[in-house]
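Spelled out from the first residue to the last, the chains are:
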Amino acid sequence: MSESPGAGTEQGAEQGAQERPEQASESDQVREAERVSEAEQERQTERAQESGQETDQETGRPPRGAQADGLVDQGLEDLLRFIRDARGFDFTGYKRSTLGRRIRKRMGDVGLPDYSDYRDLLETDTDEFRALFNTILINVTSVFRDPEAWGLLKRDVLPALIAEAGPDDEIRVWSAGCSSGEEAYSLAILFAEQLGIEECVRRVKIYATDVDEEALRDARLGHYPARTLAPLAKELRDKYFERYGTQYVFRTDLRRRVIFGRHDITRDAPISRLDLLVCRNTLMYFNVEAQTQILDRYHFALREGGYLFLGKAEMLLNDGERFEAVSIRQRVFRRRPGGSSPPYPAHPVKARAGNAEEEQQAVRTRQLLDLILDASPGASIALDGNGTVMLINNGARAQFGLTSNDMGRPFQDLELSYRPTELRSLIDQATHERRRLQVHGAERRLGNELQYFDIDIQPIMGGPGLPVAINVTFTDVTQATKLRAEIKRVREDLETAYEELQSTNEELETTNEELQSSIEELETTNEELQSTNEELETTNEELQSGNEELETMNDEMRLRTTDLDEARAFLEGVVSSIAAGVVVLSADLRARSWNRGAVDLWGLRPDEVLGEPFFALEFGLPTDQLRDVIQECVASGKRSGPVVIPAVNRIGRRIDCSVICSPFDGHNGGVVLLMEDLSNEGGN
């Protein structure tokens, strides 16, 4: 790289590459390589399609289900509408070639060649939605990706941006399509290097958004393997990341200034008053109409003089009036001075001809009303007298997955007309009775979660006849409903506890009476105990006399124990002094004694063999050859041997071992084995 943003010089970048930590696991590398390969393949296929050369990757023929240029693939369109209605993901603005290719790739993975079959799979397997979205949304990103572009941002854009802002002004940044967060954290590092960490924490706020919930979950954690942070110089990595095992975690104070959230750039309201908007390699997945709509939103979101940072594959060719190029090569643009249009198109209004000022004022008023209605906190849908959808605000789009394409459709064709509750009959009732109707606590299941809505159906009267329009408002009361249910449960628990307390009080009164009776019995018992105490005192005197006798016997036992200890020490010394190996076996042929000669001969310590079956021990002597000799000694009660057996001593040398077996007349019987190294004696 020519210049690593935040590293300062080429030398800093090279040092970061040389001192990078160990690579992550091989599986992580393979997954990342696959994602990068898929993204690169998408770009190559887009370029091939522009020249009319799109073919199947394996056969070289057009993929199955694909339509010729200019024709609509009805199966794909039906599947996209199903995905929008079922999960609220609106992919209608995506390029059909790219979208169809990604969906067919997933269909090939599950072995389904037809769109209708794949739709059946989605209806029965909810986990397949997640796999499909992960296939469509290619999350490829890295820290300071395209170093030259980030170098321009550091060298030219940030100094100018900071100089134009006041010393106490907040600097607002938006990373749209942030994927797993590397881009957002790169921006935080860049501003921290320019302003200092404390000033960055005080002034900079970075919004990072994406439609992929799994990618956002990883981004919020801020945990990355060493391989992901390889573009950073070691001093920057150690400065902005803390190491936990094999992972690096972004520092906490700067992490609080990065706000992650789900946001669909084609539907949701843009973040406003931005100084810098970063949207790299995202627009290329949308068609021209969707790109135009997104750029309108971006123009609205940026303040005058704000900067727009796009990816290498994106370009603003027809927006020279609104954006000036800071660097065409690095795709950095700046918003020109001038008013911005609203992020959503306003419907035109009629005004008297010939009065331009009044007409402009009416247009501004209508646009303002549209924006106010669109930004209202509740979800609202307006229908005309024929039941056609005329207006959908931002809350309804976000809550129910509706889009601007649903405007003009009959309301009865929308899933919302019968879910979360049957609204068509209620709307007819409100229309004919010309009165407001309300539905409380309508239940809507969204995946594994339940939502509850209060629905308000308000007829809009335009005269004495039937209403000219119907406004349907949905108020999310999920939290309130859950709280009411919790309050009800707590109240029932309190009533149960009160009843239990009453029962416990009655039991305590009964227990008190029983205790009073017990006290009287205890007083009687106390008198008996006093009499018993006198008897015990007499017994105590007798015990004291017996204790003196026991002390005398204890002194005698102590003397005898001392004699036994001396005798035992003497015998152990004698046994230990014997140079030959002496092993004493019990009647069940378990090792009871193992002297020092046996240790020196075979290398086994007493604690390893005592109590173990002799024939189960593994050492240099083949004990199976002694089995007959030992059994003969035990049976006859006479000495047997010597027996000479080839063996291996503790140092691994082969020896001839002489073994003599003698009966043991001690406690519970047994045998005594005397083992001598004949080879050693011959050498001596």
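For the structure, see preceding data.
Residues numbered from 1 in each chain as written. Predicted model: local features only at pLDDT ≥ 70, side-chain atom pairs only at ≥ 80, totals over all residues. Heavy atoms only, no water.

Observations regarding the overall build of the chain
Quick note on the threshold: A run of H or I in DSSP becomes a helix once it reaches four residues, and a run of E becomes a strand once it reaches two; helices and strands are each numbered from the N terminus. Buried means the residue's accessible area, taken with a 1.4 Å probe over protein chains only, is under 20% of the maximum for its type, while exposed means over 50%, and partly exposed covers the values in between. The contact rule is simple, with two residues in contact once any of their heavy atoms fall within 4.5 Å. In short, Shrake-Rupley with a 1.4 Å probe defines the accessible areas, and a residue's cover is counted only from the protein chains shown.
Secondary structure summary: the chain contains 21 helices and 20 strands in total. A total of 684 residues make up the chain; the buried ones form 39% of that total. Across the chain, contacts joining residues at least 24 apart in sequence account for 60% of those joining residues at least 6 apart. Surface exposure of the chain reaches about 38,700 Å², of which carbon and sulfur atoms provide 49%.

Details of helix 7 (residues 147-164)
The test is simple: Multiplying 1.5 Å by the helix residue count minus one yields the expected span of that helix. One fitted axis covers the seven residues ending at a residue, a second covers the seven starting there, and the bend at that residue is the angle between these axes.
Taking 1.5 Å of rise per residue, 18 residues should cover 26 Å, and helix 7 covers 25 Å from first to last C-alpha, within 8% of that figure. At valine 157, helix 7 shows its strongest bend, of approximately 40°, with the proline proline 159 following within four residues. Looking at helix 7, one finds that the buried residues are Ala149, Trp150, Gly151, Leu152, Leu153, Lys154, Val157, Leu158, Leu161 and Ile162. Those residues of helix 7 that are buried lie in contact with strand 1 (171-176), helix 8 (182-195), strand 7 (274-279), strand 8 (302-310), strand 9 (323-327) and strand 10 (332-335).

Quick word on the packing of aromatic side chains
Spelled out, the test is: Pairing of aromatic side chains requires ring centres within 6.5 Å, counting the rings of Phe and Tyr and the six-membered ring of Trp. Pairs whose planes differ by under 30 degrees are stacked, by over 60 edge-to-face, and all others tilted. Charge-over-ring contacts are defined here by two conditions on Lys NZ or Arg CZ: a distance within 6 Å of the ring centre and an angle within 35 degrees of the ring normal.
Counted by the stated rule, this structure contains 14 aromatic pairs. Taken together, a centroid distance of 5.4 Å and an interplanar angle of 85° make the contact between phenylalanine 144 and tryptophan 150 edge-to-face. For tryptophan 150, a relative accessible area of 2% corresponds to the buried category. Taking the centre distance of 4.5 Å and the plane angle of 35° together, the rings of tyrosine 185 and phenylalanine 250 count as tilted. Remark: phenylalanine 250 occurs in strand 5 (residues 247-250) and tyrosine 185 occurs in helix 8; sequence separation between them is 65 residues. Judged on exposure class, the residue tyrosine 185 and its partner phenylalanine 250 are both buried. Put simply, the rings of Tyr185, Tyr224, Phe241, Phe250 and Phe260 pair up and form one aromatic cluster. When the ring centre of phenylalanine 615 is taken as origin, the NZ or CZ atom of arginine 627, which lies over that ring, is 4.0 Å away.

Remarks on a negative patch on the surface
Under the convention used in this document: Patches in this entry comprise residues that are over 30% relatively accessible and not in a salt bridge; like charges within 9 Å are linked, as are nonpolar side chains (Val, Leu, Ile, Met, Phe, Trp, Tyr) within 5 Å. Put simply, a salt bridge is a Lys or Arg side-chain nitrogen that is within 4 Å of an Asp or Glu carboxyl oxygen. When charges are tallied, Lys and Arg are placed among the positive residues and Asp and Glu among the negative ones, while His and the ends of the chain are skipped. Where a charge sits is defined by one atom per residue type, namely NZ (Lys), CZ (Arg), CG (Asp) or CD (Glu).
Side chains of Glu506, Glu507, Glu509, Glu513 and Glu514 sit close together on the surface and give a patch of like negative charge. Considering the arrangement of structural elements, one finds glutamate 514 in helix 17 (residues 478-577). Given a relative accessible area of 48%, glutamate 514 falls into the partly exposed group.

Quick look at the environment of serine 658
Relative to the elements of secondary structure, serine 658 occurs in strand 19 (residues 654-663). On the basis of relative accessible area, serine 658 is assigned to the buried category, the value being 7%. Separated by 19 residues in sequence, serine 658 and aspartate 677 have C-alpha atoms that sit 6.5 Å apart. With sequence-adjacent residues up to four places away left out, serine 658 is seen in contact with Pro642, Val643, Val644, Leu674, Met675, Glu676 and Leu678.

Some details on the pattern of salt bridges
Counted under the stated rule, the structure contains 35 salt bridges. Two residues, glutamate 128 and arginine 106, come together in a salt bridge whose shortest N-O distance is 2.7 Å. In this pair, glutamate 128 sits in helix 6 (residues 127-136) while arginine 106 sits in helix 4 (residues 96-110), placing the two residues 22 residues apart along the sequence. Like arginine 106, glutamate 128 is buried. Its salt-bridge partner being arginine 329, residue glutamate 148 comes within 3.9 Å of it at the nearest N-O pair. Of the two residues, glutamate 148 is situated in helix 7 and arginine 329 in the loop between strand 9 and strand 10; the sequence distance between them amounts to 181 residues. Linked through salt bridges whose partners overlap, the residues forming this network are Glu164, Asp275, Arg303 and Arg334.

Some words on the sheet that holds strand 18 (residues 640-648)
In a beta sheet, neighbouring strands are held together by backbone hydrogen bonds and run either parallel or antiparallel to one another. Note the cut-off: DSSP calls a pair of strands paired once it identifies at least 2 bridges connecting them. The convention used is that axes are lines fitted to C-alpha atoms, helices contributing only their stretch in contact, and that angles between N-to-C directions extend from 0 to 180 degrees.
Pairing within the open sheet is antiparallel, and its five strands lie in the order 17-16-20-19-18. Of all the strands in the sheet, just strand 17 (591-594) and strand 18 have a single pairing partner and so form its edges. Each strand axis lies, on average, 25° off the axis of its neighbour in the sheet, ignoring direction. Where strand 16 (residues 581-585) and strand 17 come together, three bridges link them in antiparallel fashion. Pairing of leucine 585 across the sheet is with alanine 591, part of strand 17.

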